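# Structural characterization, general
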Amino acid sequence: MLKFVARRLGVMVLTALALTFVVFYLTNLPPNLEKLARTEGSVRMTDQAVASWIENNGHGGSVFGRYAQWLGIAPGWVLTDDKGVTRGRCIQNNQDPATAATYCGVLQGEWGFSTVFKKPVLESVLQKLGSTGWLMMWVMIVMVPVSLIMGVLSGMREGSRLDRSLSIVAIATTATPEYVSGVILVAIFASATAGISPILHDWGWISGKTLFLGTATSAMDNITFWNFALPVLTIALYGIGYIARMTRASMTEVMTQQYIRTARLKGVRFRTVVMRHALRNALIAPFTVIMLQFPWLLNGVVITEALFNYKGFGWTLVQAAGNNDIDLLLGCSVVAVLVVLVTQLISDIGYVFLNPRIRLA
Amino acid sequence: MDQTTLLSWGQIIARIVQQFLPVWIALIVTFAVSIRYKRKLGLYGKLFDSPVGMIGFALVMFWVYTAIFADMIITMDPIAQFGRVKNPPPGTPLVDVKDGQYAYFLLGADHLARDVFSRVVMGARRVLTIAPAATTFAFIMGVTLGLPAGYFGGKLDTVLSFLANLVLAFPVILLFYLLVTPEIRNTNIPVVLAAVLFIFPVIFLTVLFNSRFFTNPPKRNLYVGITLVIGLWAYLGLAFNKDPLGVWSMDPNLLNVFVSVVFVNSPTVFRIVRGIVMDLKARDYVAAGQTRGESAWYIMLWEILPNARGPLIVDFCLRIGYTTILLGTLGFFGLGVSPESPDWGSTIDDGRKLLSLYLHPAITPALALMSLVLGLNLLADGLREESLKD
Amino acid sequence: MTDTTWDPSKPILEIENLSISFFTRMREIPAVMDFSCTVMAGEAMGLVGESGCGKSTVALAVMRDLGKNGRIVGGSIKFKGRDLTHMNDEELRHIRGSEIAMIYQEPMASLNPAMKIGAQLAEVPMIHQGMSKDEAWALARQIVADVRLPDPDRMLQSYPHQLSGGQQQRIVIAMALMSKPALLILDEPTTALDVTVEAGIVDLVKDLGHKYGTSMLFISHNLGLILDVCDRLCVMYSGEAVETGNVVEVFDKMRHPYTQALFRSIPLPGADKNSHPLVAIPGNFPLPHERPKGCNFGPRCDYFQDGRCNAADVPMFPVPGDDRHATRCIKWTEIDWDAPMALKASKEKTPIGKVVLKMEDLKKYYSVSSGAFGSGTAKVVKANETLSFEAREGETLAIVGESGCGKSTFAKVLMGLETATSGSILLFDENVQSTPIQQRNTDTVSSVQMVFQNPFDTLNPSMNVGRQIIRALEIFKQGGSDEERHARMLELLDLVKLPRAFAERMPRQLSGGQKQRVGIARAFAGGAKVVVADEPVSALDVSVQAAVTDLLMDIQRENKTTLLFISHDLSIVRYLSDRVMVMYLGHVVEMGTTDQVFQPPYHPYTEALLSAVPIADTKVIRKRIVLDGDIPSAMNPPPGCPFQTRCRWKSQVPGGLCDREMPPVQVLEGGHQVKCHLSAEVLASMEPVIKIAAE
């Protein structure tokens with residue numbers, strides 16, 4: 001078991017390095033750097049000036065070297081310009097170069113400075129991550145039980161009417177990406193002109209113009225049912241269908257297994273067959289799926305946060321990408337990659353835990 | 001705006017139904033023929049035994065025919081702007097109707113006074129050309145790499161699986177933001193990726209024919225020759241935009257989108273193919289091929305692949321749906337093919353900014369996209385169910 | 001739960017005129033028609049028939065577990081006088097597992113992989129007797145000991161995958177016995193197990209039946225097994241019972257042509273490929289919706305009479321004077337049942353030619369990494385150890401052994417799919433031991449071909465039959481043009497006695513036997529000189545087995561092919577082979593001519609193997625030798641002699657030699673080789689396992 005975890009961790013580190021390098025490479029392409037130079041310096045810089053700006057700000061040299069510096073395994077760049085001012089990656093403004101650290105990369109906690117938010121990257125990323133954490137937590141609270149129950153109910157009697165109707169619901173939700181369900185949910189519940197809000201308003205059942213709020217900005221400070229239900233539902237809906245279908249497939253397969261027949265012909269009650277004999281075997285596959293959903297959920301988070309104007313991690317990512325904020329984008333990527341890898345690890349360990357066949361092999 | 005001149009919902013629906021006339025005819029013909037001969041049509045025919053599959057197929061074919069007959073269906077130029085009124089509601093008459101021009105915004109118009117109905121119809125064409133094509137390429141790439149990974153196993157499998165997992169661990173949206181940016185077009189990355197990607201079909205077909213017909217050199221030379229000539233010609237045009245005859249070319253923006261979508265999809269296909277191959281390679285007919293000294297590629301392509309078609313067809317349908325959603329996502333973030341383009345994702349993105357005030361510009365493409373993906377999912381479900389029977 | 005109203009002298013199970021159908025979208029498919037049988041208390045009833053005859057459907061109907069599509073459309077199933085067909089789910093639930101229990105074919109699949117054995121066992125009395133958990137576990141422990149499993153406490157705490165196949169089946173039996181049922185249904189309980197393991201299970205079932213006084217419904221395709229276990233039997237054909245009665249009476253005085261044909265198609269001691277060839281049943285098993293009018297067996301029956309046999313449904317006729325013996329044959333009184341079977345022209349023995357294949361000290365080791373994630377240490381599996389033998393032209397060499405004995409690895413090495421670790425293989429005087437198949441020339445490849453075990457796997461399901469044969473011709477560079485190859489393909493179909501129209505068929509349209517024939521045609525496409533047949537008939541029904549075996553023999557005679565026949569079935573090996581090689585855990589433990597191997601002196605393993613094979617002949621008396629335990633894993637073989645863990649002769653070897661040293665190969669009279677420490681005197685003192693009683 002320990003060996004297995006160690007091996008997995010090794011692969012994980014390798015994956016993380018590879019992925020961050022790809023992100024680093026793609027964000028530090030020459031055109032991005034030129035753009036950065038023009039926004040930081042001046043829009044009307046000559047090509048030559050741009051080139052020297054890039055050189056003077058440590059963006060020159062091989063991409064591997066810069067990646068190593070960013071990571072914190074190579075010494076940060078130090079340059080002394082014509083005026084004798086020494087600047088460097090690790091030298092803060094007004095700091096004496098002699099006292100500055102040699103290494104200052106991600107590993108040392110130096111994530112750079114965001115040009116959009118004018119704040120250290122680490123600070124803004126962590127703060128936004130907190131907001132998104134709330135969102136994700138509620139999504140999980142809604143999505144996991146609902147989808148598992150749906151899947152188990154429809155999978156336990158394949159072809160029954162309950163199965164048919166639940167399956168159709170599940171298929172319909174997987175066919176509805178977040179940007180569609182978000183629009184439809186807003187149209188139905190949070191539009192002053194359409195859906196049920198005008199009717200409710202006319203009847204005097206609601207005091208505001210709309211039943212739910214169309215934006216979740218206020219949820220940044222204070223989460224309420226009315227400002228948070230729609231974004232949570234938007235993300236959860238898409239996942240519900242997917243996980244429910246996986247659970248159903250897994251459940252129907254388990255229900256046709258011989259050991260289920262054995263249990264039934266032992267005289268075990270149908271409910272007990274499902275709960276004691278089928279469920280554990282049937283949940284192995286969906287568990288992995290739920291965990292592997294995270295890279296996918298991130299997608300939904302970005303869309304939903306953009307749609308509902310909820311300033312979380314996804315929204316930050318959009319801002320960073322849209323404004324060529326290289327350090328912030330890199331920071332976001334590191335976080336995203338880490339989240340994905342950690343969930344994968346959890347999924348692997350959980351799989352081993354749920355499946356006795358593997359644990360003792 | 002004069003309220004009395006608005007068309008009622010009944011009138012709007014009647015007019016829309018009328019516009020779709022070619023689609024209805026095509027659908028009726030398709031269904032009549034298919035149901036008549038369903039016993040002779042294999043898996044496709046069996047689809048007509050499953051109500052779910054039939055509904056799915058009808059939805060998909062509705063949009064396919066819409067894409068084909070889009071020019072006949074649209075009422076106005078989808079890109080042109082008509083009048084200065086922003087976001088007119090469904091059924092609004094045009095202000096000054098010229099000769100031969102359709103007199104109403106059937107489903108309203110957007111903030112630039114472009115006809116929503118025509119944009120959605122035209123959008124179907126865009127979506128239904130890019131999504132299946134990208135899915136096909138993703139499949140060829142996934143299959144070409146998944147077959148040897150599953151068949152040979154070992155180091156090759158370890159390396160390829162690691163790469164696939166790498167891409168899968170990458171948050172899709174981040175990848176899009178990194179790959180589908182205007183800046184990246186100034187570098188050679190899209191071209192390199194396209195060069196890698198577009199070579200796969202050529203390799204695939206060459207190996208396919210060679211492994212089968214090497215016992216018969218004249219036939220082999222013919223097939224492989226044709227593949228190489230057409231394949232490499234198209235390859236030059238599509239990947240490098242250097243087709244000497246100028247037949248094959250791809251808009252750099254589109255290329256970018258295309259490459260990223262294929263890139264995101266192929267690892268999943270790879271994993272599916274790899275899994276099926278690992279299962280099928282233990283079969284006796286594979287061993288029979290090996291004991292008669294067949295080449296590994298013959299066994300993979302002609303003995304294993306045809307028997308993996310069931311799950312692959314099902315996944316293909318699902319994946320077109322997924323690709324449609326991805327394209328929509330790209331459009332939604334303004335990373336789409338072009339801002340003008342009527343593809344559904346961009347249209348939803350355009351419309352959502354004024355969502356709480358004007359619903360129609362966003363809701364129509366949203367429903368269109370949803371119905372297409374739903375159709376594809378139902379179709380896949382029907383196919384899966386029917387292929388499992390007997 | 002005991003039924004006080006039930007009188008023990010009445011039958012425990014009484015099935016009357018039962019009809020079962022499956023309903024598909026297209027049509028109703030009758031699976032069982034007009035089936036009747038009675039099981040008395042303490043009696044063991046055998047249901048025998050070929051696949052698709054409806055025997056398992058009857059069992060599931062008794063359990064009322066026919067699935068969504070199956071339905072009982074007529075008749076009644078009375079259990080202790082109560083009609084099961086009219087019970088509701090709750091009543092059924094009380095009977096299932098407590099009064100009627102079932103044992104299945106696949107032990108691994110019938111145990112829940114995620115539940116401990118103890119929990120699965122204890123569940124039964126907890127449901128039915130409302131027993132407390134501790135009591136139930138204590139009972140489980142006792143029953144586990146009863147089914148002769150070692151270390152019951154550890155067993156209860158294990159998960160199913162930690163047990164071997166034989167142990168799993170014992171657990172399934174224990175589970176069935178947990179609430180001392182009145183009726184036990186066994187659906188092919190030993191088919192998935194090795195013969196020596198099967199013998200142990202059969203013994204156990206018989207003993208427990210006596211001990212608990214349980215009635216049994218024993219379903220099997222193996223007549224020998226039925227003779228071993230059952231008191232009465234019921235022969236089924238295409239959904240109907242065709243003959244029923246006391247086992248001995250039916251075996252000795254069969255009164256239905258199908259039963260007779262069945263017995264003539266199985267290789268009993270005394271059958272010989274040259275002088276007494278098997279008689280295959282002509283034709284094919286009818287599909288359920290294409291059954292003929294009248295007698296279902298009519299079209300394949302030697303005694304068929306038009307206008308009578310196909311006139312109307314045939315009822316069961318009782319055979320007077322016998323013990324509840326009945327037959328479904330309208331002509332049973334007219335047929336001369338004692339007439340000797342019309343002898344097919346006996347065939348020339350194929351002359352044995354020069355040596356074509358010679359193996360010397362062949363070794364094949366694999367290194368496998370254990371553990372689920374490949375993190376464990378690499379272990380070496382010795383799949384083949386010092387294999388030496390030669391095979392001659394026109395000869396049939398049988399390779400006999402149970403799972404893990406290395407016979408399949410040997411085939412792979414010979415074919416060139418794997419290369420040998422050391423040793424040499426001489427094929428037509430050419431060294432091929434380290435030449436993988438890709439580097440062999442076409443001649444070598446086409447002259448060594450293989451016939452595979454599983455008929456459902458042997459053909460590519462998405463390519464038509466003709467195409468698959470033509471492909472082999474192309475690869476073997478046969479024929480100069482497409483037309484020539486097509487003609488050659490049709491000839492090959494003739495060779496394997498298939499209609500030429502089959503060239504256009506897809507494999508799914510063929511029956512198992514037909515597919516196996518196509519497989520044979522494909523193997524002979526390049527004029528193979530050496531054919532490795534890996535259990536070519538073990539997955540086929542007995543009547544088809546005979547036909548396919550015959551075909552192989554015929555082609556062999558014609559082409560002077562050397563046949564390496566891999567099998568675990570000693571009956572068929574005795575029938576068709578010239579020489580036999582017995583393998584155990586990668587070692588050849590005995591080798592000699594068929595007569596030498598099947599007669600003492602034996603290697604102790606051969607002796608046990610011979611004793612374990614059930615023989616469907618009442619005149620045969622077998623000595624029962626039941627081996628303890630399971631076959632050790634090839635990953636972890638015992639030290640010394642590989643067979644020492646299960647050998648009953650071990651005490652005869654002084655000084656614990658068996659534990660320490662690999663036995664030498666003793667060459668006995670006539671080149672008969674035995675790898676054993678036993679002294680020549682002890683070997684000579686062995687008695688034959690099988691005796692045929694004097695008439």
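As a starting point, this report considers the structure included with it. (Residues numbered from 1 in each chain as written. Chains lettered and ligands numbered in written order. Predicted model: local features only at pLDDT ≥ 70, side-chain atom pairs only at ≥ 80, totals over all residues. Heavy atoms only, no water.)

### Examining the overall build of chain C
The line we're drawing: Each helix corresponds to a stretch of at least 4 residues labelled H or I by DSSP, and each strand to a stretch of at least 2 residues labelled E; elements are numbered beginning at the N terminus. Only C-alpha atoms enter the radius of gyration, while the globule expectation follows 2.2 Å times N to the 0.38, with N the number of residues. Type-normalised accessible area, obtained with a 1.4 Å probe on protein chains alone, sets the label of each residue: buried when under 20%, exposed when over 50%, and partly exposed for intermediate values. Pairs of residues are marked as contacts when any of their non-hydrogen atoms sit within 4.5 Å. Per-residue and other accessible areas follow the Shrake-Rupley method at a 1.4 Å probe size, with only the shown protein chains counted as cover for residues.
Within chain C one finds 21 helices and 26 strands. Computed over the C-alpha atoms, the radius of gyration of chain C is 27 Å, within 12% of the 26 Å expected from 2.2 N^0.38 for a compact globule of 695 residues. Along the first, second and third principal axes, the C-alpha set of chain C runs to 80 × 70 × 55 Å. A total of 695 residues make up chain C; the buried ones form 58% of that total. Partitioning the intrachain contacts of chain C with sequence separation of at least 6 by distance along the chain shows that 68% fall at a separation of at least 24. A total of about 27,000 Å² of accessible surface is found on chain C, and carbon and sulfur atoms cover 51% of it.

### Section: the interface of chain B and chain A
Here is the rule we go by: Note on definitions: buried area is the accessible-area loss of two parts on being combined, 1.4 Å probe, summed for both. Each salt bridge in this description consists of a side-chain nitrogen of Lys or Arg and a carboxyl oxygen of Asp or Glu lying within 4 Å of one another.
Taken together, the contacts link 45 residues of chain B with 53 residues of chain A. Together, the buried faces of chain B and chain A total about 4,000 Å²; carbon and sulfur atoms form 78% of this surface. At the junction of chain B and chain A, the tally comes to two salt bridges. A salt bridge links E385 of chain B to R164 of chain A, with the nearest nitrogen and oxygen atoms 3.8 Å apart.

### Considerations on empty space enclosed by the protein
For clarity, the cut-off: Using a grid of 1 Å spacing that covers the protein atoms alone, one calls a set of points a cavity when a 1.4 Å probe fits there but cannot get out, and a pocket when the set is open and has protein on both sides within 12 Å along at least five of seven lines; lining residues are those with an atom within 4 Å of a point. Grid points are joined across faces, edges and corners, and a volume is the space filled by probe spheres set on the points. All residues other than Ala, Val, Leu, Ile, Met, Phe, Trp, Tyr, Cys, Pro, Asp, Glu, Lys and Arg, Gly among them, are scored as polar; the first ten of these are nonpolar and the last four charged.
Per the counting criterion, the structure on display carries 17 cavities of 30 Å³ or more. The space that makes up the largest cavity amounts to roughly 120 Å³. If you trace the largest cavity, you find 15 residues lining it, with N32, A321, N324 and L329 of chain A together with T181 of chain B closest to the centre. Contributions of two or more residues to the lining of the largest cavity are made by α1 (2-27), α2 (30-40), α13 (313-322) and α14 (326-354) of chain A together with α8 (172-179) of chain B. Tallied by class, residues from the lining of the largest cavity come to nine nonpolar, four polar and two charged.

### Observations concerning helix α11 (residues 252-280) of chain B
Basically, it comes down to this: Expected span of a helix: the number of residues minus one, times 1.5 Å. In this scheme, the bend at a residue equals the angle between the axes fitted to the seven residues that finish there and the seven that begin there.
The first and last C-alpha atoms of α11 of chain B sit 40 Å apart over 29 residues, in line with the 42 Å expected at 1.5 Å per residue. Taking the largest bend as the criterion, α11 of chain B deviates by roughly 30°, centred on S266 of chain B, and proline P267 of chain B comes between one and four positions later.

### Quick word on helix α4 (residues 51-68) of chain B
When the terminal C-alpha atoms of α4 of chain B are compared, their 25 Å separation across 18 residues agrees well with the 26 Å that a helix rising 1.5 Å per residue should span. Those residues of α4 of chain B that fall on the buried side of the exposure criterion are V52, G53, G56, F57, V60, M61, F62, W63, Y65, T66 and A67 of chain B.

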